[in-house]
Amino acid sequence: MDWNVIINNLPLLLQGALVTIEITAMSVGCGFLIGLLVALAGLSRFMVVRLLAKCYVDIIRGTPLLVQIFLIYFALPMITGQRIDPFIAAVTACSINSGAYVSEIFRAGIQSIDKGQMEAGRSLGLSWAQTMRYIIMPQAFRAIIPPLGNEFIAMLKDSSLVSVIGFEELTRRGQLIIAKTYSSFEIWGTVAVIYLIMTVTISQLVGYLERKNSVK
Amino acid sequence: MIILDKVRKSFGKNEVLKGIDLHIAKGEVVVIIGPSGSGKSTVLRTMNYLEEPSSGKVIVDSMDLADKNNLNEVRKEVGMVFQNFNLFPHMTVLDNLTLAQTKVRKTPKQEAENIALALLERVGLADKAKAYPNSLSGGQKQRVAIARALAMKPKVMLFDEPTSALDPEMVREVLDVMKSLAEEGMTMVIVTHEMGFAKEVADRVLFVDGGLILEDGTPQEIFDTPTNERTKSFLSKIL
């Protein structure tokens, strides 16, 4: 065990971790918006809209994220003729991927709310949209904090896949350092510990949010 | 005030309403009784289109509910109280009462709160304004639900088995509130199993079974001299 390799390369790895956090936060953020829209589309009155939402979810969940990253980074430019910045490709692929999972979380959350709540809202004269906004969503959101936290953690780990397109997040930084130092054990060990610290921190935050928002 | 004209309703192949004709006048208190699965709740729920009829017309306050533009107009005027209360658990009692006032009626917040507090006073729960619904007993929840519906100043109140989910000792407090509403001249339609209450408060009792109104009359007529065989057999089982 060579502690010096770890200490010398720690700043580089931590920079990589910062990039990992950045890409994860952006992807989950965009994925949250996509997921919300897709979930609402899935509850739409119009069959075509529902069908589109279902196709999106089925296609994204039914194919590996790695393939999705390749499609966006390598295959898309062949059609458009435009090279894509690795960061944009990474965030796009992860957002689209996360959106499918988040939409299912939202759908389950919305459907977990008793249908009497919608009836009570509508019977008071509130529109469907108002009932959603003021009555259903605030309750659904509470219910989905834990699965959303899981999604955040899963995304943080899955973001390591974007290392394959040369994007320098934590995993890629690790690979590059090992290529120079051959210290596989020390660096992968450190990389794993950094991931662990990040995921544990997230689950603590989620636990805090959950307690803060628990039903009074 | 409320007119149902040949209202039919099917869920899939199961026809639960087989042609309901009904006129309810302003100020009338109508109690609907009948065995479970008879369609009595469904009749009530067509009156604010929580159940859209498969055919037939529902007209409330001279507005045809089939017209979507009328629907929200009518729902403002028709309060509904549910068996399971359906209070909004993430809001305080006060917010439960002010939400629709401010969002639908556009009442200023302060005025909405004053209306809400006056109604809570009336149902005997002024001290619960800041409480959350889950901290209340069943009877208190149902009284809040009644106050919430009244906050919209409705012209009609619909009650769907308002005491069926309550512990026996809490039934009275809810019925008392309903009785005082009836005495004030509110138009009310009530689905209930509380026959004592029906006798005492109703102007008119409907017996519904098999998706049809089988008997329609004063409480005396229905309870003392029922003519329909199914009414007789139903009453003999429950009285």
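All of the points below concern the structure found in this document.

### Points about the overall build of chain A
Phase 1 of the analysis: Counting its regular elements, chain A contains eight helices and zero strands.
Phase 2 of the analysis: Secondary structure elements in chain A, listed N-terminal to C-terminal, are α-α-α-α-α-α-α-α.
Phase 3 of the analysis: The 216 residues of chain A split such that 46% are buried.
Phase 4 of the analysis: One way to put it: in chain A the 17 positive side-chain charges average out to a point 10 Å from where the 13 negative ones average out.

### Regarding helix α5 (residues 115-123) of chain A
Phase 1 of the analysis: Counting buried residues along α5 of chain A, eight of its nine residues qualify, which places the element largely inside the surrounding structure.
Phase 2 of the analysis: The complete set of buried residues in α5 of chain A reads Gly116, Gln117, Met118, Glu119, Ala120, Gly121, Arg122 and Ser123 of chain A.
Phase 3 of the analysis: Residues of α5 of chain A that are buried make contact with α6 (128-158) of chain A together with α1 (40-46), α2 (68-77), β6 (78-81) and α5 (138-150) of chain B.
Phase 4 of the analysis: Where α5 of chain A begins, the capping side chain belongs to aspartate 114 of chain A, and its oxygen is found 2.6 Å from the backbone nitrogen of glycine 116 of chain A.

### A few points about the sheet that holds strand β4 (residues 55-60) of chain B
Pairing between the strands of a sheet comes from backbone hydrogen bonds, and it takes one of two forms, parallel or antiparallel.
All names here are of chain B.
Phase 1 of the analysis: In spatial order, the strands read β2-β1-β4-β5; together these four strands make up an open sheet with antiparallel pairing. Of all strands in the sheet, those with a lone pairing partner are β2 (14-24) and β5 (63-64), marking the two edges.
Phase 2 of the analysis: Pairing analysis gives two bridges linking β4 to β5, with the strands arranged antiparallel. Directly across from valine 60, in β5, lies its bridge partner methionine 63.

### Regarding the sheet that holds strand β8 (residues 187-191) of chain B
Residues and elements named next belong to chain B.
Phase 1 of the analysis: Strand order across the open sheet formed by six strands is β6-β7-β8-β3-β9-β10, with mixed pairing between neighbours. The sheet is open, and its two edges are formed by β6 and β10 (212-217), each paired on a single side. Between one strand and the next, the sheet's axes are offset by a mean angle of 15°, whatever the strand orientation.
Phase 2 of the analysis: Sheet topology note: the β6/strand β7 (residues 156-160) ladder contains four bridges and is parallel. Along β7, the bridge assignment pairs valine 81 with phenylalanine 159.

### A word on unusual backbone geometry
Residue and element names in this part refer to chain B.
Phase 1 of the analysis: Even without being a glycine, lysine 6 presents a positive backbone phi close to 50°.
Phase 2 of the analysis: Looking at the element boundaries, lysine 6 is found in strand β1 (residues 2-11).
Phase 3 of the analysis: What makes lysine 6 exposed here is its relative accessible area of 54%.
Phase 4 of the analysis: Here the phi dihedral of lysine 106 falls at roughly 60°; this positive angle occurs in a residue that is not glycine.

### Focus: the layout of surface pockets
Phase 1 of the analysis: Its boundaries defined by the atoms lining it, the largest pocket holds a volume of some 970 Å³.
Phase 2 of the analysis: In terms of lining residues, the largest pocket is bounded by 24 residues, among which Leu43, Arg45, Met118, Arg122 and Trp128 of chain A are the most central.
Phase 3 of the analysis: Elements that contribute at least two residues to the lining of the largest pocket include exactly α4 (86-111), α5 and α6 of chain A together with α2 of chain B.
Phase 4 of the analysis: The class makeup of the residues in the lining of the largest pocket is 11 nonpolar, four polar and nine charged.
Phase 5 of the analysis: Each pocket or cavity is described by its volume, and for the second largest pocket that value is around 350 Å³.

### Considerations on the pattern of salt bridges
Phase 1 of the analysis: Tallying each qualifying case throughout the model produces 23 salt bridges over all chains.
Phase 2 of the analysis: Among the salt bridges present, the one from lysine 54 of chain A reaches aspartate 58 of chain A, with a minimum N-O distance of 2.9 Å. Of this pair, lysine 54 of chain A and aspartate 58 of chain A both sit in helix α2 (residues 47-61), four residues apart, which is roughly one turn of that helix.
Phase 3 of the analysis: Measuring nitrogen to oxygen at the nearest pair gives 3.0 Å for the salt bridge that ties arginine 122 of chain B to glutamate 184 of chain B. Pair noted here: arginine 122 of chain B is in helix α4 (residues 109-122) and glutamate 184 of chain B is in the loop between α6 (168-183) and β8, with a separation of 62 residues, a long-range link.
Phase 4 of the analysis: Of the residues examined, arginine 122 of chain B reaches a relative accessible area of 33% and is grouped as partly exposed.

### Some points on the pairing of β4 of chain B
The two faces of the sheet receive side chains in turn, since in a regular strand these alternate between them.
Residues and elements named next belong to chain B.
Phase 1 of the analysis: Pairing analysis gives five bridges linking β1 to β4, with the strands arranged antiparallel. Considered in β4, the bridge of arginine 8 is made with serine 55.
Phase 2 of the analysis: Counting the residues that bridge the hairpin from β4 to β5 gives two residues, and of these aspartate 61 lies at a positive phi of roughly 55°.

### A few points about the packing of α6 of chain A against helix α8 (residues 184-212) of chain A
Residues and elements named next belong to chain A.
Phase 1 of the analysis: Interhelical geometry of α6 versus α8 gives an angle of 165° and a closest axis separation of 10 Å. As judged from the angle between their axes, α6 and α8 are roughly antiparallel. Where α6 crosses over α8, the handedness of that crossing is right-handed. Contacts between α6 and α8 involve Ile145, Pro146, Gly149, Phe152, Ile153, Leu156 and Lys157 from the former and Tyr195, Met198, Thr199, Ile202, Ser203, Val206, Leu209 and Glu210 from the latter.
Phase 2 of the analysis: Each residue belonging to the contact of α6 with α8 can be placed in one class, and the counts come to 10 nonpolar, three polar and two charged.

Basis of the calculations
Residues numbered from 1 in each chain as written. Chains lettered and ligands numbered in written order. Predicted model: local features only at pLDDT ≥ 70, side-chain atom pairs only at ≥ 80, totals over all residues. Heavy atoms only, no water. Helix = DSSP H or I, 4+ residues; strand = E, 2+ residues; numbered from the N terminus. Buried < 20%, exposed > 50% of the residue type's maximum accessible area, 1.4 Å probe, protein only. Lys, Arg positive; Asp, Glu negative; His and termini not counted. Charge placed at Lys NZ, Arg CZ, Asp CG, Glu CD. Contact = heavy atoms within 4.5 Å. Polar contact = N/O pair within 3.5 Å; in protein donor to acceptor, adjacent residues only side chain to side chain. Pairing = 2+ DSSP bridges. Axes fitted to C-alpha atoms, helices over the stretch in contact; angles between N-to-C directions. 1 Å grid on protein atoms, 1.4 Å probe; cavity = no way out; pocket = protein on both sides within 12 Å on 5 of 7 lines; lining within 4 Å. Points joined across faces, edges and corners; volume = space filled by probe spheres on them. Nonpolar A, V, L, I, M, F, W, Y, C, P; charged D, E, K, R; others polar. Salt bridge = Lys/Arg side-chain N within 4 Å of Asp/Glu carboxyl O. Parallel < 35°, antiparallel > 145°, perpendicular 65-115°, else oblique. Left-handed = near helix turned anticlockwise from the far one by under 90°.

Function-wise, these values are silent; they only describe arrangement.
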